[in-house]
Amino acid sequence: MRVFVAGGTGVLGRRLVPQLVARGHQVTATTTSSAKLGLLEKLGAEAVVMDGLDAASVGEAVAKARPEAIVHQMTAISVAHAGKPDMKHMDRWFAGTNRLRTEGTDHLLAAAEATGVTNFVAQGYGAWNGIRTGGWVKTEQDPVDPMTGTPAEPGMAAIRHVEDVVVKAGGAVLRYGWFYGPGAMEDLVEPVRKRQFPVVGGGDGYCSWVHLDDAASATVLAVEQQAKGVFDIVDDEPVPANVWLPYLAESAGAKRPMRFPTWLARPLAGDVAVMMMTEGRGFSNAKAKRELGWELRYPSWRQGFKEELA
């Protein structure tokens, strides 16, 4: 199958492209930088420079590739694009990604329609942002939380946009959990080692994780099966912050995380971080395993953290 991967040099794109190639697919992958064309070629893809926010650039790249499937993995949350992670000012940190999830998604869908592509898979997000009512673990029937009035509100609106327009167009949205793995560990571990990532309040908020290789394998299955609808792509063990954070510190050889009361954490880390640590909702992977036949290499973050930080 001819597969067009928009955003091939991101942390997931770099794991996804080789898996698609290994399965015999002909891959065209995009980057915003000509300096990264060689990386994509080494991964086995035909490499293209494309501006995901420019409709003409997207339309031209897709038309030239003549794909049978389009995979939307465009984000702008790397340090190079957005600076250091900043949950206190998440609206600023995710500004570029929010545009790629709204304007960029629309441009890709328009290009898909123009070239007759109906097999469309897009990146969503489902880690700790499930609707904050009811139980701690959510399914695809549950919406993401709008996080109204917080700096995360624009990002949650962008995620809902992806889900709305892609599903309406007959495609699939994969709500990936919190990524970890090659290229995604240092930004996570560095503040833990510096004891700058405390457990807030009781740390009862849940989160769902997924190793990048497992996220990539689920994406390959969604492409090959021409999946439709929303799928939660997470591991088998949703977990509260007061469990995963100390375990991550131990795996990284760091001191045990400090504990901050919510009243102290809120002005320091912001509303979103407090919400994540105290009220977050994780997700269930039952649908993806059942409908896609997805099998995880890392069923638990426990195993994955240990292996990645060994």
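These remarks concern the structure in this document. Computed from a predicted model, the values in this text were never measured in an experiment.

### Observations regarding the environment of glycine 130
Within the element layout of this structure, glycine 130 appears in the loop between strand 5 (119-125) and strand 6 (137-138). For the pair glycine 130 and arginine 193, spaced 63 residues apart in sequence, the C-alpha separation works out to 28 Å. When neighbours within four sequence positions are excluded, glycine 130 is seen to be in contact with Lys138, Pro143, Asp145, Arg281 and Phe283.

### A short note on the pairing of strand 12 (residues 229-233)
Most of strand 12 sits out of view: five of its five residues are buried. Sheet topology places strand 7 (residues 172-176) next to strand 12; five bridges connect them, and they run parallel. Within strand 12, the residue paired with valine 173 across the bridge is valine 230.

### Brief notes about the side chain of threonine 150
Its place among the elements puts threonine 150 in the loop between strand 6 and helix 7 (153-168). Of the residues examined, threonine 150 reaches a relative accessible area of 11% and is grouped as buried. In this structure, threonine 150 is in contact with Val272 and Met275, ignoring residues within four places of it in sequence.

### Topic: unusual backbone geometry
One non-glycine residue, arginine 66, adopts positive backbone phi at about 50 degrees. The topology assignment puts arginine 66 in the loop between helix 3 (55-65) and strand 4 (69-72).

### Examining the nonpolar core
By size, the foremost hydrophobic cluster in this structure holds 41 residues, and its most contacted members are Trp128, Trp178, Phe197, Trp209 and Trp244. Formed by 36 residues, the second largest nonpolar core is a distinct cluster that contains Val5, Val17, Leu40 and Ala45.

### Observations regarding the packing of helix 8 (residues 186-193) against helix 10 (residues 241-251)
Closest axis-to-axis distance for the helix 8/helix 10 pair is 10 Å, and the angle between their directions is 85 degrees. Between helix 8 and helix 10, the angle is such that the two are roughly perpendicular. The residues of helix 10 that touch helix 8, namely those facing Leu188, Val189 and Val192, are Leu245, Leu248 and Ala249. Taken together, the residues of the contact of helix 8 with helix 10 break down into six nonpolar, no polar and no charged.

### A short note on the packing of helix 11 (residues 262-269) against helix 12 (residues 271-279)
Running from N to C, helix 11 and helix 12 point in directions that differ by 135 degrees, and their axes come no closer than 7 Å. Considered as vectors, helix 11 and helix 12 are oriented oblique to each other. Across the interface between the two elements, Thr262, Ala265, Arg266 and Ala269 from helix 11 touch Asp271, Ala273, Val274 and Thr278 from helix 12. Grouping the amino acids of the contact of helix 11 with helix 12 by side-chain chemistry returns four nonpolar, two polar and two charged.

### Brief notes about the sheet that holds strand 1 (residues 2-6)
What the seven strands build is an open sheet, ordered 3-2-1-4-5-7-12; its pairing is parallel. At either margin of the open sheet sits one strand with a lone partner, and together these are strand 3 (46-49) and strand 12. Each adjacent strand pair in this sheet contributes to an overall mean axis angle of 20 degrees, direction not counted. Pairing of strand 1 with strand 2 (residues 26-31) involves four bridges; the strand directions are parallel. Opposite valine 5, over in strand 2, you have alanine 29 as the bridge partner. The sheet contacts of helix 1 (residues 13-22) involve strand 1, strand 2 and strand 4, and relative to strand 2 the element is tilted by about 165 degrees.

### Observations concerning the environment of cysteine 207
Residue position: cysteine 207 is located in strand 10 (residues 206-207). Here the alpha-carbon distance between cysteine 207 and proline 240, two residues 33 residues apart in the chain, equals 6.1 Å. For cysteine 207, the contacting residues outside a window of four places in its chain are Ala127, Trp128, Trp178, Glu237, Pro238, Val239, Trp244 and Gly282.

### Looking at the pattern of salt bridges
Here the idea is simple: oppositely charged side chains can pair when their charged atoms come close. Applying the stated criterion to the full structure yields 14 salt bridges. The partner of arginine 23 in a salt bridge is glutamate 224, and the shortest N-O contact between them spans 2.5 Å. Taken as a pair, arginine 23 in the loop between helix 1 and strand 2 and glutamate 224 in helix 9 (residues 212-224) lie far apart in primary sequence, 201 residues in all. Between glutamate 237 and arginine 302 there is a salt bridge; the shortest N-O distance is 2.9 Å. Placement of glutamate 237 in the loop between strand 12 and strand 13 (239-240) and of arginine 302 in helix 14 (residues 301-309) is noted, with a sequence separation of 65 residues between them. Note on glutamate 237: relative accessible area 22%, which makes it partly exposed.

### Thoughts on the packing of aromatic side chains
The full count for this structure, using the stated rule, is 13 aromatic pairs. Judged by centre distance (5.8 Å) and plane angle (90 degrees), the rings of phenylalanine 197 and tryptophan 244 are edge-to-face. Of this pair, phenylalanine 197 sits in the loop between helix 8 and strand 9 (199-200) while tryptophan 244 sits in helix 10; the two residues are 47 residues apart in sequence, bridging distant segments of the chain. Residue classification places phenylalanine 197 among the buried positions, given a relative accessible area of 16%. Feature note: the residues Trp178, Tyr180, Phe197, Trp209, Trp244, Tyr247, Trp301 and Phe305 constitute an aromatic cluster, connected by ring pairs. Positioned above the aromatic ring of tyrosine 247, the side-chain terminus of arginine 302 is 5.7 Å from the ring centre.

About the thresholds
Residues numbered from 1 in each chain as written. Predicted model: local features only at pLDDT ≥ 70, side-chain atom pairs only at ≥ 80, totals over all residues. Heavy atoms only, no water. Helix = DSSP H or I, 4+ residues; strand = E, 2+ residues; numbered from the N terminus. Contact = heavy atoms within 4.5 Å. Buried < 20%, exposed > 50% of the residue type's maximum accessible area, 1.4 Å probe, protein only. Pairing = 2+ DSSP bridges. Core = buried A, V, L, I, M, F, W, Y, C linked by side-chain atoms within 4.5 Å. Axes fitted to C-alpha atoms, helices over the stretch in contact; angles between N-to-C directions. Parallel < 35°, antiparallel > 145°, perpendicular 65-115°, else oblique. Nonpolar A, V, L, I, M, F, W, Y, C, P; charged D, E, K, R; others polar. Salt bridge = Lys/Arg side-chain N within 4 Å of Asp/Glu carboxyl O. Phe/Tyr/Trp six-rings, centres within 6.5 Å; stacked < 30°, edge-to-face > 60°. Lys NZ or Arg CZ within 6 Å of the ring centre and 35° of its normal.

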